[in-house]
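What follows is each chain in one-letter form.
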Amino acid sequence: MPRTPDPRELTLADFPVHRTVTTRWSDNDMYGHLNNAVYYELFDSAINGWQAEHVTIDPMTDATQGVVAESSCAFYAEVAFPAPLVVGIRVARLGTSSVTYQLGLFLDPDRGAAPDPAIKALGHWVHVEIDAATRRPTPIPDHLRALMETAVVEVPEASA
């Protein structure tokens, strides 16, 4: 029987794209760690920042738009401002009109005080490309697909 992959064993090396992220004082909640909603903001900013640096996207004028159809986050360890962080991005599935990302949140090994390679959170993010006029799914544009292909990894299925 194949071993069920444990996402808590993922390291930054399992993610082809690395995006440093900055937290703010106000991101901490009353318990002293990042508020859950901040993780989603970090993931969204990492994906969109990566795309914006490599392809021309103008959500106000492009014929297509990527919209979030599904998202979730598994939390494994607390992080708090001002810890330096990095989001690892990988494409787990690239379809005709949708892409499924996995996003790992880690302490930044280049900016952190002490090495800590453990994953802190794992995000699941599905973007569906839609026609801006009809709001219906449409194929991912070639220039965006080419970028996404650079981050595709084979993600083993979890066995039941």
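What this report covers is the structure whose coordinates are included nearby. (Residues numbered from 1 in each chain as written. Predicted model: local features only at pLDDT ≥ 70, side-chain atom pairs only at ≥ 80, totals over all residues. Heavy atoms only, no water.)

Let's talk about the nonpolar core
Residues Tyr-39, Phe-43, Val-87, Ile-89, Tyr-101, Leu-103 and Leu-105 are the most contacted members of the largest nonpolar core, which totals 28 residues. Secondary-structure elements contributing two or more residues to this core are β1 (17-21), α1 (36-54), β3 (85-94), β4 (98-107), β5 (121-131) and α2 (142-149). Ranked by the residues each element gives to this core, the list is headed by α1, at seven residues. The contact partners of Ile-89, leaving out residues within four places of it in the chain, are Phe-15, Pro-16, Val-17, Arg-19, Ala-46, Ile-47, Trp-50, Tyr-101, Gln-102, Leu-103 and Ala-151. By size, the runner-up hydrophobic cluster in this structure holds seven residues, among which are Leu-10, Leu-12, Val-86 and Ile-119. (Core = buried A, V, L, I, M, F, W, Y, C linked by side-chain atoms within 4.5 Å. Buried < 20%, exposed > 50% of the residue type's maximum accessible area, 1.4 Å probe, protein only. Helix = DSSP H or I, 4+ residues; strand = E, 2+ residues; numbered from the N terminus. Contact = heavy atoms within 4.5 Å.)

A closer look at the packing of aromatic side chains
This model, assessed by the stated rule, comprises six aromatic pairs. Arranged with centres 6.1 Å apart and planes meeting at 85°, the rings of Trp-25 and Phe-81 form a pair that is edge-to-face. With Trp-25 in the loop between β1 and α1 and Phe-81 in the loop between β2 (64-75) and β3, this pair connects stretches of sequence that are 56 residues apart. For the pair Trp-50 and Tyr-101, a centre-to-centre distance of 6.5 Å together with 85° between the ring planes defines the contact as edge-to-face. Of this pair, Trp-50 sits in helix α1 while Tyr-101 sits in strand β4, and the two are 51 residues apart along the sequence. For the pair shown, Trp-50 and Tyr-101 are each scored as buried. An aromatic cluster is built from Tyr-40, Phe-43 and Trp-125, whose rings are joined through pairwise contacts. Directly above the ring of Phe-15 sits Arg-90, whose terminal nitrogen or CZ lies 5.0 Å from the centroid. (Phe/Tyr/Trp six-rings, centres within 6.5 Å; stacked < 30°, edge-to-face > 60°. Lys NZ or Arg CZ within 6 Å of the ring centre and 35° of its normal.)

Considering the pattern of salt bridges
Scanning the model with the defined rule gives six salt bridges in all. Here Asp-6 and Arg-8 are joined by a salt bridge, their closest N and O atoms 3.0 Å apart. Judged by its relative accessible area of 25%, Asp-6 falls in the partly exposed class. In this structure, the salt-bridge partner of Arg-24 is Asp-27, at a minimum N-O distance of 2.7 Å. A relative accessible area of 46% means that Arg-24 is categorised as partly exposed. One network of salt bridges, in which partners are shared, links Arg-24, Asp-27 and Glu-41. (Salt bridge = Lys/Arg side-chain N within 4 Å of Asp/Glu carboxyl O.)

Considerations on α1
Between its first and last C-alpha, α1 extends 29 Å over 19 residues, near the 27 Å set by a 1.5 Å rise per residue. Among the residues of α1, those classed as buried are Val-38, Tyr-39, Leu-42, Phe-43, Ala-46, Ile-47, Gly-49, Trp-50 and Gln-51. In this structure, the buried residues of α1 make contact with β1, β2, β3, β4, β5 and α2. Measuring from the side-chain oxygen of the N-cap residue of α1 to the backbone nitrogen of Ala-37 gives 3.0 Å; that N-cap residue is Asn-35. (Expected span 1.5 Å × (residues − 1). Polar contact = N/O pair within 3.5 Å; in protein donor to acceptor, adjacent residues only side chain to side chain.)

Here we look at the side chain of Arg-90
In this fold, Arg-90 is placed in strand β3. No salt bridge is formed by the buried Arg-90; the nearest opposite charge belongs to Asp-14, separated by 4.8 Å. Excluding residues within four positions of it along the chain, Arg-90 makes contact with Leu-10, Asp-14, Phe-15, Pro-16, Thr-100, Tyr-101, Gln-102, Ala-151, Val-153 and Val-155. (Lys, Arg positive; Asp, Glu negative; His and termini not counted.)

A word on the environment of Arg-145
Inspection of the secondary structure puts Arg-145 in helix α2. Each C-alpha atom of the pair Arg-145 and Thr-96 lies 9.2 Å from the other, and the pair is 49 residues apart in sequence.

The quantities given are spatial measurements derived from coordinates; they are silent on function.
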